[in-house]
Amino acid sequence: MSEIKIDNILLSIFQRAFRSITDEMSISLTKTTRSPILCEAKDFVTGLYDAEGNMLEQTENLPILSFSLGPVCKVIINQYGKNIFPGDVIIHNDVFSMGNQNNDVAIFKPIFCNDVLVGWSAAKGHQADIGGAVQGGYNPNATEVWQEALRIPAVKLYEKGVLRQDVWNLIFANIRLIMVQEDIKAQIGACTLGERRLNTLISKYGIECFEAHKLELFGSTEKMMRSEISSVPNGTYYGSSKVYYDGKHLGSEFEIKAKIIVEDESITFDFSESSPQTNGFVNGTYTSSCSAITLTFLQMVNPDISHNEGMIKPLTYIVPEGTILNASYPKATTFGNHLCPQIADSIFKALGPAMPNRVTAGWNHLLCSLFTGKHPRTNEKYVDICFMGLKGGSGALQGDDGYDHIGMIDASGGLLDQDYEMYEQQTPHQILKHEFLTDSGGVGKWRGGLGVETFIKMGGDNATMVVFGDGDVESNYGLFGGKGSILNSINLKYPDGKLHTPLSKDLIESIPDGTVYKQIAGGGGGYGNPKERDVNSVQQDVQNEIVTKAQAAKEYGVIFKNESFEIDIIETNKLRTKKQ
Amino acid sequence: MKGYKLGIDVGGTFTDFFLVGNDGSSLIHKTLSTPQDSSIGFITGIKEIAQKLNLELSSFINDIDTIVHGTTVATNALLTMNGAKTALITTKGFRDALEMRRGIREERYNNHYKNVKPLVPRHLRFTIDERIDALGNSILPVKTSELDKIIEQLKKEEVKAIAICFINSYLNNEHEKIATEYLRKALPNLFISGSYEVLPSVRFYERVSTTCINAYIGVVIAKYLEALLCKLYDINFNGKLMIMQSNGGVVTPDVARKIAAVTVLSGPAAAPIAGAYYAELLGFDNCITMDMGGTSFDASLVVNRKCVTSTDGSIDRHRIALPTLDIVTIGAGGGSIGWIDKGDLLQMGPKSAGSLPGPISYNRDGIEPACTDADLILGYLDPNFFAGGKYILNKEKTIVLTKKTLGITLGLDAMKTAAGMYRVINMNMAQGVRQVSVERGYDPREFLMLCAGGAGSIHAGEICRELEIPMFVVPDVASIFCAAGMLLGDLKHDYVRSYMTRFSKIDKKKFLAFFAQMKDEAIRTLTEEGISKEKIEYNPSLDIRYVGQFHEVPLEVLMKDINEFNTASIIEAFHKEHNRKYGYELKNEGTELEIINVRLRAVGVTEKPQSLSGNKIKGAESLEQALKCRRPAYIPETDSMQEVPVYDGDILFNNFKIEGPALIEQINTTIFIGGSYNCETGIGGCFVVYNKFLMPNGFEKNISTQKLISNNV
């Protein structure tokens, strides 16, 4: 290769062009997909990779997908070797060959420039159904992968531009919803866009120029990441968190244990001491666990670092097979993505003493439900994860309150509520209430983000509901004097007045028309002593009915004059200066 | 009768005027803005123009047909959260949609990132127990007793504006209408805005947010327009007053008062309109317009001679779903103040000295060095020729204070400090241009830079060098670019209705009725605005998706296809557009299409000036004739001061070639031609400045930008 001079303007052009291509792919998917999980909640990732499978850029709408394409790209490259041609389209979901979750199906398209393989465009999205025993894929009764999903190891859907109809038929004969075929077409479309754009870009500047600048980009990103790591004091740090109920054994508990070794400019995340794998579906996959680790660490470093191969180079992951974070073949794993909150907790707790300015108090853990049924108006099946209901608050940190209604850390505010009006068109349900929940932010000098309360009147007979998640047993943690928030809960009130509270992993069938679904998503944990919270902030929260006067008095030590929002300074000072 | 048309653009620091007569004459004028009440500067300027023309105010006023006005009143109210105290009344159970913003955090990995402060705080968000269901049926009527209780609260809180937005009102607006009318009766002095009047389309968050913006700035706009009309009445103005809208069109004050939200980008919206005009004039398809004012820097793209609009916009993260031009604004302008950050680094802006106290050099009690001060120290500005000598700049004081404030901390003399300020603000503006080009997937090197704002052309060369843009153009109206663009705007109104139906099930009658309805509304509005029925142009569009998709693709269609109900050709066009945008189509599968919204843009074509350049009297015969003097100016390429020739731009109409470094001074614009540049004068009323290293063959008119690159780079 001839010597290519690095052009700094071109460097930023490449960086931003990669970014805008994956963004454009992402916009394309948002606009074309059908399942609300994709088009509304944006549970997908788009990325560009070089010929060796190194990440050029990705747009992970949900951070939990931040690591999930690269390992698969390398699997595909190894599997096919030279048998890759222009016009190929490869599909993959298999969790035992680097997939992260059965429902997350990836599409890869090779990109050629003058007959040379120069890269890959890829899109991975959470499908509304993936076969297996239960529609939607979340099967709390599963013990093996086949009870959860159809396994798709890397296989070509198109070869040299020609659709392999037999393969297509085989796959979609095993998936319940026609919608999934359409969403896969949308993913292929997004990859085609990425292919067109990257091809244009590389053709313009030449392959050698692209290669040289790519390496320079990786290098500069790696340098930034290493300098962030070097600001953490060297040492070995420990943190742990608990997982409750595996969906099979009532009262079961598991532990996630992080051992984090910081050594100059490198950091190792070792989870070897975590509990062994479970017999239920509460098991991680290597890829989903590494994603969770990556996204948590990214919360603690400069948010402007580019997302390319250089970003992850200084990170080492040790997640041994056979643990709850990396189940061995053929264990069930659908819940694995949702171990992210616990993984994040263990990392924040471990690094708290080393990075008190960067860690947050506990985020609200995911507890959610997925509804399926028939829409009486259209007579068509629908699948919907109740996103608006599941989004609680984030943990506070030094200097700032937590973020209200942000949702679990796996998504970090990337998972959006459905639009209420569109929701009422696409499902037979009617939303009765979706508002912030008073007193739900964990108390502290900096308050945890608020949780929400959701009431939905379910329509259409015989709806099915799958519940999965956590956060209904142990409150999330406060930091440095702050406290945790209230627990998550879901319950149903049937038309005959009967109440039912599902377990945190549960399947409920034949829900009649008119049943009222009630959900509480808790807030985030607080940071620092609540009695030191700025009095004006407390006053504002009380006036806005986010904090009750009772909580203001009890936790924040702020007293109001009767029937007003005026602070009783004398009483407040008395309470606040009292020895704890 | 001169039949004057007058464009007036109120900016943060200056109010700009551009006057065109029907005899082809034109005049540029600037006066200091009066932020406490911008109508004062507006009227002052008109009086000053009359003086300049040696006319009695009354006879000048008599000769003005039309005034087109761009105002930043709404923008500023939003950016500074200085709108009216606003309440929201919504359906029970949905009190927080406005603040939740669907639970998004734009920066996933930044835990210090804060949510937007809502325009209506929670304690002013009220709910009532009413309900329209998903089919549009009223299942729980509005109880006025509930409204009565809220009215008491509103009075107690001394609220000034109310937004009303109920769930599913896009299907049936009865409840919203009842509540809106009831409240209007009870509280006649409040600005009350029902979502059905602002944005009658599906998607609750978009609608509630847009309606709240409308209410929040409605009072501000109404008050401002009232004061303005009063003052115009006082000077016996009988012509038409038009207000610039965010969609690039104009609107009468009466309409603007009701739907104030259309004026959110009233100020900068004229720049891309003028940009498209000049791109065409010079034979280019694509250009970037940059407009550097006193407080802010705006950048926008013209692609294929069209300004880019979208309904995906937001202002400071407040969602506004009305059609709006895509403009990136950053806080960088002549008034941007230099300061030292925690890491001892020099920073510029976004804080601006404005017009009061103004930069140090204005001699109006400003003590913090601003960009204009740096430009003065660096020799780009002549202290005795600022705005043509209207204001005398105090250079000594500027040098002393710049050294004393920033220089000492940085350990630099005044000149080196000013040079640092110049370079930092240029980098900031280059980043703004990157945002609107590179981050939208366009390579700025393939664009022509069209440079506006009085100070813009002092900085354009360095911005272009940073981005390797080979050429920038300074039109003779650069200093009042938006004011000129305003005279090119047509009356434009956008209408929308949600009609959710599959193509096979379209009720032709209903479909055509929606268009008839919108057309009626357009005709009513446009005739009120003085446009006769036959002069209205209609641009319909449909938001369409494949059945089962969630998001829709906006598709422009022909009015003919709507009237003739030619669905086949619409379907065909949709497949094509879907493929272009998203990489595939489902034509062969026979997938059905579904409409979500029907839209109509009605355009009342206005009379435009024949040329923006105006008649030129007697230009210089030779370059020497235009040479005013020589003075030292800062040369960024060598990081030193060097003596350069200064030309009088106001007489450079003929075609000359000027080699950089040099300065061209016009009354309101100074062009700095750096060491890397040459300039050709007198090209379509423009100065064309090109990088001599990137374009060694010089400038040719009418070559495509693509070709420009390949020819020269």
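Since the model is a prediction, treat every value here as computed from it, not as a measurement.

Here we take up the pairing of strand β23 (residues 448–452) of chain B. All names here are of chain B. Burial of β23 is extensive: 5 of the 5 residues sit out of reach of the surface. Here β23 shows two buried faces, one formed by L448, L450 and A452 and the other by M449 and C451. Inspection of the sheet shows strand β13 (residues 287–292) paired to β23 by 5 bridges, in the parallel sense. What sits directly across from I288, in β23, is M449. Looking at chain direction, β23 and strand β24 (residues 471–475) are connected through 2 bridges and run parallel. Bridging across to β24, M449 finds its partner in F472. With respect to chirality, the unit in which β23 leads through helix α14 (residues 456–467) into the neighbouring parallel β24 is right-handed.

Residues and elements named next belong to chain A. Here the amide bond leading from Y329 into P330 is cis, since omega sits at -5°, within 30 degrees of zero. Position of P330 among the secondary structure elements: in the loop between β11 (315–318) and α9 (340–351). Notably, N379 is not glycine yet its phi reads approximately 65°, a positive angle. Residue classification places N379 among the exposed positions, given that 7 C-beta atoms sit within 10 Å.

Core analysis: the biggest nonpolar cluster contains 366 residues, and I162(B), M449(B), V473(B) and V689(B) have the highest contact counts within it. Setting aside chain neighbours within four positions, we find V689(B) in contact with G461(B), M471(B), F472(B), V474(B), I671(B), I673(B), Y677(B) and C679(B).

Our focus in this paragraph is the domain arrangement of chain A. All names here are of chain A. Examined at the domain level, chain A breaks down into domain 1 (8–222), domain 2 (360–533) and domain 3 (535–577). Its C-alpha centre places domain 1 at a distance of 30 Å from the equivalent point of domain 2. Between domain 1 and domain 2, the residue contacts involve 19 residues of the former and 20 residues of the latter. Grouping the amino acids of the side of domain 1 that touches domain 2 by side-chain chemistry returns 11 nonpolar, 4 polar and 4 charged.

Glancing now at helix α12 (residues 535–543) of chain A. Residues and elements named next belong to chain A. Of the residues making up α12, those classed as buried are V538, D541 and V542. Each buried residue of α12 sits inside an arc of 100° when the element is viewed along its axis, so together they form one side. Among the structural elements, α13 (549–554) are those in contact with the buried residues of α12. The first or second residue beyond α12 is E545, which carries a positive phi of 60°.

Quick look at the pairing of strand β28 (residues 593–604) of chain B now. Residue and element names in this part refer to chain B. Across the 12 residues of β28, 11 count as buried, placing the element largely inside the fold. Of the pairings in the sheet, the one linking strand β25 (residues 491–502) to β28 comprises 10 bridges and is antiparallel in character. Within β28, the residue paired with T501 across the bridge is I595. In the sheet, strand β26 (residues 536–546) pairs with β28 via 11 bridges, with the strands oriented antiparallel.

Quick notes on the rules
- Residues numbered from 1 in each chain as written.
- Chains lettered and ligands numbered in written order.
- Predicted model: local features only at pLDDT ≥ 70, side-chain atom pairs only at ≥ 80, totals over all residues.
- Buried ≥ 20, exposed ≤ 12 C-beta atoms within 10 Å, placed from the backbone.
- Helix = DSSP H or I, 4+ residues; strand = E, 2+ residues; numbered from the N terminus.
- Pairing = 2+ DSSP bridges.
- Right-handed = clockwise from strand over helix to strand, strands pointing away.
- Core = buried A, V, L, I, M, F, W, Y, C linked by C-beta atoms within 7 Å.
- Contact = placed C-beta atoms within 7 Å.
- Domains from an automatic or database assignment.
- Nonpolar A, V, L, I, M, F, W, Y, C, P; charged D, E, K, R; others polar.
- Arc of directions from axis to C-beta.

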